[in-house]
Amino acid sequence: MGNISQNTLISLAILKEQMNNNEDYLSYFNPFVIGILKKLDLSTPVNDELISEQLHSVCGLKFPKRIVQLMLKKVSKKGILTKKNGIYTIVQEKLEKQENIFAKTGPIKSQLFDLINNFSEFCKEKYKVSFTEEDSLDAFIQFLSKFSISAIRLSISGTAFEVPKRNKDVNLIYISQYILSIFKTDRKRFEEFEILLKGNMIANSIVSDTLIDTPQTFKNVVFYLDTPIIVELYGLDGVILEEAAKELLELVTKIGGKFAVFEHTKQETSSLIYRAAEQYDVPESRLNNKILENLLETGLSKSDLQLKAEKLSEFLASKGIETEEDPDIEIEYCIDEVSLSKLMDEHIGQYREKVKRQDIRSVQNIYQLRKNKPSNRLEECSAVFVTNNPKLASAIHEYGRIMSDENNVSAVITDFSLANMAWLKAPLGACDLQKIELLSMAYLSLQPSNELLQKYLTEIEKLQKDESISDSDYFLLTCQVNNSELVTYTMGNEDALTKETIMSLLERIKTEIRSEEIQKLAEEESKHKETKNELSVTKKELNDSKSELSKITQKIIWNSKEYANKVVGFINAFMIFIIIVGLVPQIPVIPYLLSKLEFVKWISLILAILSGLSLLTGFCIFKWLEKYRKHLETKYIRKQEKKLDIKILK
């Protein structure tokens, strides 16, 4: 099938599909065992050692022999194998009826290599780094190896697959940047990466051996949260990590788990938030204070931080997280703090003494609460401390292996370990879990170590003191460089921080600022040009509108005149008729003929009255008719103005 990394990734993708069958965890692996049996000669004796070797070479997956024995029992129940004297033999008739999962890997392989090639193109385009196909496959495996729950059981270590050793940290940075990029620009490929993670999470269940035949509940466990997880849950470490913490809390609560914090942990969290508020206006504090680093994303002000510190107890209570005092110390359950401190130094490196003391105190509390009660499954533990620091979990795991029964569950587990376990118990309870975990892991992978941050701040302070850089340059190096940029620029390597590389970084920042200014200027010019074009179009439209309005106005005026002339013309015709009729009686003979017509008398009377008015007042009927005509024109125009909502007359 190819190299080990390729086989592993294809197997993880297949595993995700197997989960849709709604069987138990071991059953997800039946198709792999059956596929391997189909590759064997029918006469070949089958045992756990042979299948283990084949699973590793063909599928790229590593499983403890006890798990392989359980797998073989599962397959034998289907009648595919028969067992005699501890050796299985293949039943040909039954095996032939089974599908060969390896014959259906074509589309999965094609999809995988499309993702791999896209990653290679991303690295080449953005970082000018060339990845071979094998290097890309190894990088994916190295990243997925971070998603393990190996520290659950003290006797378990490692992952479900072989992790390549070369360029591990550098690959993690490239993969993290790639994941954040495709999440924004190519959701289809991001979902393909999610499939690999889901497969890995299923594989974790078998390696850890903690989920086989266990109840689907955490009702007997109290999970005590570490300070960084509370900070994440409180929305002070960015949106991505806040969503991850909320998803974990909701999922574990749904399956009966309870959350709490020790009083000293709550006080530590509160002090951390207050300290961030105090350093709010100090530019160089941003780089070594994660809360301040994420303020740009959260949009919190200084007063917001102070208020959050004051309201911490209320917030925890609203999430159902109880605050507990340290349990009473009983000597027989005490830990060896000196030995634990040494292990923490070995695993974690530079470690602030105050933080270390708080972590040791939390571990001590867990041991006191457990009272040495054996618990080889997470579901059986009374108390577990949950952290987002895998190095801390690893140190406590190692301490447990040295000091306790190796079947016991470690006193400290990572938040991902808990999320993985909870998801496998209720896979439909957290549909977005893998997406959020991928993003949070990518985000956390781009956070610099304390050593890298401290060296960076020390170096730029030296450059400022010897006047190699100006105060404004110092400001740029502290305020324009975020944690992920620092990690990407140095690839997480402290040795990369020299005067030359810092000056190069400064020049890059200035170039970016100039580019941004040029881009802004170009955008402003483009907007100005668009505005001019819009004004030109608007002016033309306005002129067209004016022309159209002028035509409408002229038509209304013409119609008003026509209307008034018709009315006045009718009146004129009527008046002429009256005058003619009024003069008829003055013609000889006619009066005799019309003496019997009463209306003629009245018309004659009206003419007489009008003649009298004309003589006394100077009234002229024709002038009156002209005024009435203009009145009719105005009335007609006003009516049209109201109807069309326009203005014609001043």
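Whatever comes next refers back to the structure up there.
Report follows, based on the coordinates. (Residues numbered from 1 in each chain as written. Predicted model: local features only at pLDDT ≥ 70, side-chain atom pairs only at ≥ 80, totals over all residues. Heavy atoms only, no water.)

A surface patch of nonpolar side chains, about 220 Å² in accessible area, is lined by Leu549, Ile552 and Leu644. Among the structural elements, leucine 644 can be located in helix α28 (residues 621-644). (Patch = residues over 30% accessible without salt bridge, like charges linked within 9 Å, V, L, I, M, F, W, Y side chains within 5 Å. Areas by Shrake-Rupley, 256 points an atom, 1.4 Å probe, with all protein chains shown as cover. Salt bridge = Lys/Arg side-chain N within 4 Å of Asp/Glu carboxyl O. Helix = DSSP H or I, 4+ residues; strand = E, 2+ residues; numbered from the N terminus.)

The buried fraction of strand β6 (residues 383-387) amounts to five of the five residues, a majority that puts the element mostly inside the structure. In this structure, strand β3 (residues 222-225) lies alongside β6, joined through four bridges in parallel fashion. Opposite valine 222, over in β6, you have alanine 383 as the bridge partner. As judged from the three bridges shared by β6 and strand β7 (residues 412-414), these two strands associate in the parallel manner. When the bridges of β7 are listed, threonine 387 appears paired with threonine 414. (Buried < 20%, exposed > 50% of the residue type's maximum accessible area, 1.4 Å probe, protein only. Pairing = 2+ DSSP bridges.)

A few words on the sheet that holds β7. In spatial order, the strands read β5-β4-β3-β6-β7; together these five strands make up an open sheet with parallel pairing. Edge positions in the sheet fall to β5 (322-324) and β7, since each of these pairs with one other strand and no more. For this sheet the average axis-to-axis angle between neighbouring strands, irrespective of direction, equals 40 degrees. Those strands touched by helix α19 (residues 390-403) are β6 and β7, and its axis lies near 145 degrees from that of β7. (Axes fitted to C-alpha atoms, helices over the stretch in contact; angles between N-to-C directions. Contact = heavy atoms within 4.5 Å.)

Take helix α1 (residues 4-18) next. Look at α1: 21 Å from first C-alpha to last across 15 residues, which is about the 21 Å you get at 1.5 Å a residue. Within α1, 13 of the 15 residues are buried, which leaves it mostly tucked inside the rest of the structure. (Expected span 1.5 Å × (residues − 1).)

On to the packing of aromatic side chains. Under the definition given, this model contains 18 aromatic pairs. A ring pair is formed by phenylalanine 119 and phenylalanine 140, whose centres lie 5.5 Å apart and whose planes are at 70 degrees; its orientation type is edge-to-face. Taken together, the residues phenylalanine 119 in helix α6 (residues 106-127) and phenylalanine 140 in helix α7 (residues 133-144) connect sequence positions 21 residues apart. The burial state of phenylalanine 119 is the same as that of phenylalanine 140; both residues are buried. Seen in terms of ring centroids, phenylalanine 218 and phenylalanine 223 are 5.4 Å apart; in terms of plane orientation they differ by 80 degrees. Their pairing is edge-to-face. Both residues of the pair, phenylalanine 218 and phenylalanine 223, count as buried. Aromatic ring contacts, followed pair by pair, group Phe119, Phe122, Tyr127, Phe131, Phe140, Phe143, Phe147, Tyr174, Tyr178, Phe193 and Phe416 into a single cluster. Arginine 187 extends its terminal NZ or CZ atom over the ring of phenylalanine 183, reaching a point 3.9 Å from the ring centre. Directly above the aromatic system of tyrosine 234 lies the positively charged group of lysine 308, at a separation of 4.1 Å from the ring centroid. (Phe/Tyr/Trp six-rings, centres within 6.5 Å; stacked < 30°, edge-to-face > 60°. Lys NZ or Arg CZ within 6 Å of the ring centre and 35° of its normal.)

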